[in-house]
Number of protein chains: 2
Amino acid sequence: MTGTAPILKTHPDDNVSIVLVEGGLKVGAELDDGTKLVDNVPFGHKVALTDIPEGGSVLRYGTVIGIAKEPLARGAWVNEHRIHLPEPPSLDALPAPAAPAPAAPALDGHTFDGYRNVDGSVGTKNLLAITTSVQCVAGVVDHVVRRIRDELLPRYPNVDGVVGLNHSYGCGVAIAAPDAKVPIRTLQNLARNPNFGGEVMVIGLGCEKLRPERLLPEGATGDDATTLFLQDLQFTGFAAMVDGILRQAEGHLERLDRRRREPCPASDLVVGVQCGGSDAFSGLTANPVVGYAADLIVAAGGTVLFSEVTEVRDAVHLLTPRAADAEVAAALAREMAWYDAYLGRGGADRSANTTPGNKAGGLSGIVEKALGSVVKSGTSPIVDVLGPGERVRRKGLNFAATPAGDFVCGTLQLAAGMNLHVFTTGRGTPYNLAECPTLKVATNSALAGRWHDLMDLDAGQIASGGATIEECGSELFRLILETASGRRQTAADRLGIFNDLTLFNPAPVT
Amino acid sequence: MTGTAPILKTHPDDNVSIVLVEGGLKVGAELDDGTKLVDNVPFGHKVALTDIPEGGSVLRYGTVIGIAKEPLARGAWVNEHRIHLPEPPSLDALPAPAAPAPAAPALDGHTFDGYRNVDGSVGTKNLLAITTSVQCVAGVVDHVVRRIRDELLPRYPNVDGVVGLNHSYGCGVAIAAPDAKVPIRTLQNLARNPNFGGEVMVIGLGCEKLRPERLLPEGATGDDATTLFLQDLQFTGFAAMVDGILRQAEGHLERLDRRRREPCPASDLVVGVQCGGSDAFSGLTANPVVGYAADLIVAAGGTVLFSEVTEVRDAVHLLTPRAADAEVAAALAREMAWYDAYLGRGGADRSANTTPGNKAGGLSGIVEKALGSVVKSGTSPIVDVLGPGERVRRKGLNFAATPAGDFVCGTLQLAAGMNLHVFTTGRGTPYNLAECPTLKVATNSALAGRWHDLMDLDAGQIASGGATIEECGSELFRLILETASGRRQTAADRLGIFNDLTLFNPAPVT
Ligand SMILES: [Ca+2]
Ligand SMILES: [Ca+2]
Ligand SMILES: [Ca+2]
Ligand SMILES: [Ca+2]
Ligand SMILES: [Ca+2]
């Protein structure tokens, strides 16, 4: 190539840039600041902009993302083999909440067409969910879901679909272990997701540890919350069981079918944000776009859930100042400490988070990944912290503590009450949830082009100068409202590909 | 009722009997030995046949199953509220292997029609399995499985079906944690199950922690072991990915379609036995029947896997004498100790195993349940112990260490190389595996009658005197050979209900 190549600092203090030229840069290539490459450096990977001595800090996002294991000359490739991770921030000495930033000007007049529920929540789909209290019944539930779809749904045109909330919990588990509360409350709260319209239909076996009644809302009495056991003595043979379930389903379908969308303020959105298959662009393009949209949602009075404990751990000192009060800051530290201990019991730590794909994409470790990940949270004050599987209590920006694994995180955000999911990806993933719309944002245009029918938005335009974060973020906000209204299908919904829920069970199985 | 009610001791030392009269017995009812009931005692539950003082031992199977919390009068209902559990057998002082019982007379001439594989194993079905290296791809795999079933299978009439080996592992997990070896080797060995004909087709994403190559057999080079990544740059759009997978599937299907069943000796059977939804009859009817059939299979030179660590823990002192040598005995103790520690880390112990259904069915704790559970292993010497997810190495009776949860145990037995599954149940479960035939044996005739199309054999006839253990056991052996030959479908296969695999991951998720 001729001429010099652009550099991209995320903060004035950075002493590395990522390579923005597709195909990467070769030894001898020159950057805009005069740096001459002394290594070949792949696309998206980091190059040192100054000489960094052994033991010196590698700075990105203005923060130490690694310590040089060896002298790194100006122009050298800075990768995970040449640095080691700094210690994570001490949880005992986190910065106190600062006076919350002046609330962004309240954003009025944005609405979407949703299904208003009795409990005040709003659905973005109108689904019959069949909840299960135990793994054994999954084969039967799959069977009835097919039957309902083929035989009953045509008679209930206002119902958007039927989903079986199958999972691997309920029996063969240590149900009295301290951490069992996590999967149990997750299942309880999943059944209450706004997209299920307040109808709760639980299929159990009859002898399982997790009693089906525990999945009903507290004080449930009406026909809208029913349980059925396959071991019920009234059922002689499989056909009788299936008929029993189909009859029960019809009651729920009749009520769901009478529902209609109505205009709802954007403050009824509960948007869960997540990243998966991240690369070095995630923190520069897609995640800032999501952060911008998150700020708009919060300004409109809505709720945003950000998650992924191991991707927050190394940036938690940047988040406690944004806590709405000392209690929220303490809760943030508590969730980090719980996860540190959970990983430690299994002989792991937060560095187990990064993947080969992350590294191939230019991320040199969990600190760099975390700094790019928390950008999704935008700039709003953090009003509450939810333990894994807890249901949202306050509107505004929430930290919903979850593992970073995509399905586990998505499942827990559904339990928290998410009615729309935004997912950013650099490497690409066909991930989709059947329970709520999942919008996918590509971090780079190469992926967005190749997976044209699997991605909903190309944030890669930002790196190429084709759009600004503000433009892309506003477009994402618009897509969220359109999708929540059912006027626009997500790419993955159009293709009809869905993943199973995956429960987080930190307790033992028996 | 008039007259006296029958009693049933499992051992001359027993000081309790279970109630054999359907509907149970009322206060004042008299048993054959002159015991008069002082409590109402439900069907299948225990009644004291002698006065048992506070602190006295409750004996069943000639073994202490509990310590009386309060004085238990002759004729009293003995249930889990009135006893506490004895300490589990110390793992440091287990009895040494005794001279192995004289091998049962070798059983010759029994064959089944199976699919012989290159590695010597034999399939009982001829399935195309699509293995996955990561949870993300499950939605795409479900899609291609449907397409293959609808569009390709009609052209390959000798292929029995296509299964997607979806799971929740592969990314978002602590892949370097010490216990990660369990799920990883489980996935590796699942792909090699005899029912998949040596064809291994791995779908990956491309950036996951579990590299798809790790699921290929060692040294795999031929077309029979293929990997495909959705992130492959050659795929532009979803349709291209799907086409790529379907093309790859055709190569595997062509080879599978050329295979034919051939007569194979019963020594090629690898039968995994399991119980789930147990009641007080499990140890008297269905499990002894399975034990009898297990002895026949071993006598014929075949392989039997028994499992469920928490149901072996309290009976392990009865098993070490049956170990083929000191190494096997030590391995048994080692697997028990590993599980004790695993449960302990999560704040649980082996008592977490029992379910409300077990208790309603008359089982008063894990000791009683364990004593009834290990009966499934028959009387043969134990020739080897497999860690969770390990593949079988020796013919004969193996202890395959697994959790007791039905799907987790079944999944691990499939990884061990099981080609037929036998499952006993007292409460009833619609559980079924798509990967190998699953024969279900009812412990009582009430269940067998009510679930007439879900059960394959009624062992309840034994309690009513309608058949002996030997007769039922021989019948089960015959059913196993018929089913393994594809001449008989299992009840659950006829109904077409299947459960998902459930991996055992004792390591943390990230
Ligand atoms: Ca992430
Ligand atoms: Ca994630
Ligand atoms: Ca069992
Ligand atoms: Ca079991
Ligand atoms: Ca499934």
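Cut-offs and rules
- Residues numbered from 1 in each chain as written.
- Chains lettered and ligands numbered in written order.
- Predicted model: local features only at pLDDT ≥ 70, side-chain atom pairs only at ≥ 80, totals over all residues.
- Heavy atoms only, no water.
- Domains from an automatic or database assignment.
- Salt bridge = Lys/Arg side-chain N within 4 Å of Asp/Glu carboxyl O.
- Polar contact = N/O pair within 3.5 Å; in protein donor to acceptor, adjacent residues only side chain to side chain.
- Helix = DSSP H or I, 4+ residues; strand = E, 2+ residues; numbered from the N terminus.
- Nonpolar A, V, L, I, M, F, W, Y, C, P; charged D, E, K, R; others polar.
- Pairing = 2+ DSSP bridges.
- Least-squares fit on C-alpha atoms with pLDDT ≥ 70 in both.
- Contact = heavy atoms within 4.5 Å.
- Donors = N, O, S within 2.8 Å, 3.2 Å for Na, K, Ca; no water.
- Buried area = accessible area lost by both parts, 1.4 Å probe.
- Phe/Tyr/Trp six-rings, centres within 6.5 Å; stacked < 30°, edge-to-face > 60°.
- Axes fitted to C-alpha atoms, helices over the stretch in contact; angles between N-to-C directions.
- Parallel < 35°, antiparallel > 145°, perpendicular 65-115°, else oblique.
- Left-handed = near helix turned anticlockwise from the far one by under 90°.
- Patch = residues over 30% accessible without salt bridge, like charges linked within 9 Å, V, L, I, M, F, W, Y side chains within 5 Å.
- Areas by Shrake-Rupley, 256 points an atom, 1.4 Å probe, with all protein chains shown as cover.
- Lys, Arg positive; Asp, Glu negative; His and termini not counted.
- Charge placed at Lys NZ, Arg CZ, Asp CG, Glu CD.
- Buried < 20%, exposed > 50% of the residue type's maximum accessible area, 1.4 Å probe, protein only.
- Right-handed = clockwise from strand over helix to strand, strands pointing away.

Thoughts on the domain arrangement of chain A
Residues and elements named next belong to chain A. Considered domain by domain, chain A is made up of domain 1 (1-87), domain 2 (127-257) and domain 3 (267-495). Placing the centre of domain 2 and that of domain 3 at their C-alpha centroids yields a distance of 29 Å. Seen at the junction of domain 2 and domain 3, the total is two salt bridges. One salt bridge in this structure joins Arg345 and Asp179, with 3.2 Å as the shortest N-O distance. At the boundary of domain 2 and domain 3, one finds seven residue pairs in polar contact (both at pLDDT 80 or more). Per-element accounting of the side of domain 2 that touches domain 3 gives the leading share, five residues, to helix H2 (residues 181-190). Residues belonging to the side of domain 2 that touches domain 3 are distributed by class as follows: seven nonpolar, four polar and three charged.

Let's talk about the sheet that holds strand E19 (residues 438-442) of chain B
The parallel open sheet is built from seven strands, whose spatial order is E16-E17-E15-E14-E18-E19-E20 (chain B). Of all strands in the sheet, those bounded by a partner on one side alone are strand E16 (382-386) and strand E20 (457-458) of chain B.

A look at the relation of the copies chain B and chain A
Structural alignment of chain B on chain A gives an RMSD of 0.0 Å, achieved by rotating through 180° and translating 0.0 Å along the axis. These values place the two chain copies in the arrangement generated by a two-fold rotation axis. Among all residues of chain B, the one whose C-alpha sits closest to the rotation axis is Arg345 of chain B, at a distance of 3.6 Å. Counting the interface residues of chain B, we find that 100% of their copies in chain A are interface residues as well, pointing to one common contact surface.

Some points on the coordination of the calcium ion (ligand 1)
Residues and elements named next belong to chain A. At 2.3 to 2.7 Å from the calcium ion (ligand 1) lie its protein donor atoms, namely Cys275 (O), Cys275 (SG), Glu308 (OE), Glu311 (OE) and Glu311 (OE). For the calcium ion (ligand 1), the donor residues sit on a single chain with the sequence spacing C-x32-E-x2-E. A spacing of 3.5 Å is found between the calcium ion (ligand 1) and the calcium ion (ligand 2), which share Cys275 as a donor.

Concerning the interface of chain B and chain A
Tallying the contact residues gives 73 residues for chain B and 73 residues for chain A. Each partner contributes to the roughly 5,000 Å² buried at the junction of chain B and chain A, and carbon and sulfur atoms together form 62% of this total. For chain B, the biggest contributors to the area lost against chain A are Phe238, Arg450 and Thr510 of chain B; these three give 12% of the whole. At the surface where chain B touches chain A, the tally comes to zero salt bridges.

Considerations on the packing of aromatic side chains
All names here are of chain A. Scanning all chains against the criterion turns up 20 aromatic pairs over all chains. Centre to centre, the rings of Trp338 and Tyr342 are 5.4 Å apart; their planes meet at 10°, and the pair counts as stacked. Placement of the pair is Trp338 and Tyr342 together in helix H6 (residues 326-345), with a separation of four residues, close to one helical turn. Through successive ring pairs, a cluster of aromatic residues spans Trp338, Tyr339, Tyr342 and Phe504.

Let's talk about the packing of helix H4 (residues 286-299) of chain A against helix H11 (residues 469-484) of chain A
Residues and elements named next belong to chain A. For the pair H4 and H11, the least separation of the axes is 8 Å and the interaxial angle reads 60°. It follows that H4 is oblique to H11 by the angle criterion. Handedness of the H4/H11 crossing: right-handed. Contacts between H4 and H11 involve Pro288, Val289, Val290, Tyr292, Ala293, Leu296 and Ile297 from the first element and Ile469, Glu470, Cys472, Gly473, Ser474, Leu476, Phe477 and Ile480 from the second.

Points about a positive patch on the surface
The grouping of Arg146 and Arg149 of chain A together with Arg146 and Arg149 of chain B at the surface amounts to a positive patch. Elements with a minimum of two residues in the positive patch: helix H1 (138-152) of chain A together with helix H1 (138-152) of chain B.

Observations concerning the pattern of salt bridges
Under the defined criterion, the tally for this structure stands at 50 salt bridges over all chains. Residues Glu390 of chain B and Arg393 of chain B are paired through a salt bridge, measuring 3.4 Å at the closest nitrogen-oxygen approach. On the basis of relative accessibility, which here comes to 51%, the residue Arg393 of chain B falls in the exposed class. Across the pair Arg487 of chain B and Glu482 of chain B runs a salt bridge, and its minimum N-O distance is 3.0 Å. Look at the salt bridges and you will find they share partners, linking Arg185, Asp384, Glu390 and Arg393 of chain A into a network.

What about the pairing of E19 of chain B?
Residues in a regular strand project their side chains so that they alternate between the two faces of the sheet. Residue and element names in this part refer to chain B. Within E19, five of the five residues are buried, which leaves the element mostly enclosed by the surrounding structure. Of the two faces of E19, both are covered, the one formed by Thr438, Lys440 and Ala442 as well as the one formed by Leu439 and Val441. Sheet topology places E19 next to E20; two bridges connect them, and they run parallel. Looking at E20, one finds that Ala442 is bridged to Asp458. In this view, the connection linking E19 to its parallel neighbour E20 by way of helix H10 (residues 445-450) has right-handed handedness.

Quick look at helix H8 (residues 366-373) of chain A
Helical periodicity: at 3.6 residues per turn, an α-helix aligns residues three or four positions apart in one direction. Taken across its eight residues, H8 of chain A has eight buried, putting it largely inside the fold. Taken together, the buried positions of H8 of chain A are occupied by Ile366, Val367, Glu368, Lys369, Ala370, Leu371, Gly372 and Ser373 of chain A.

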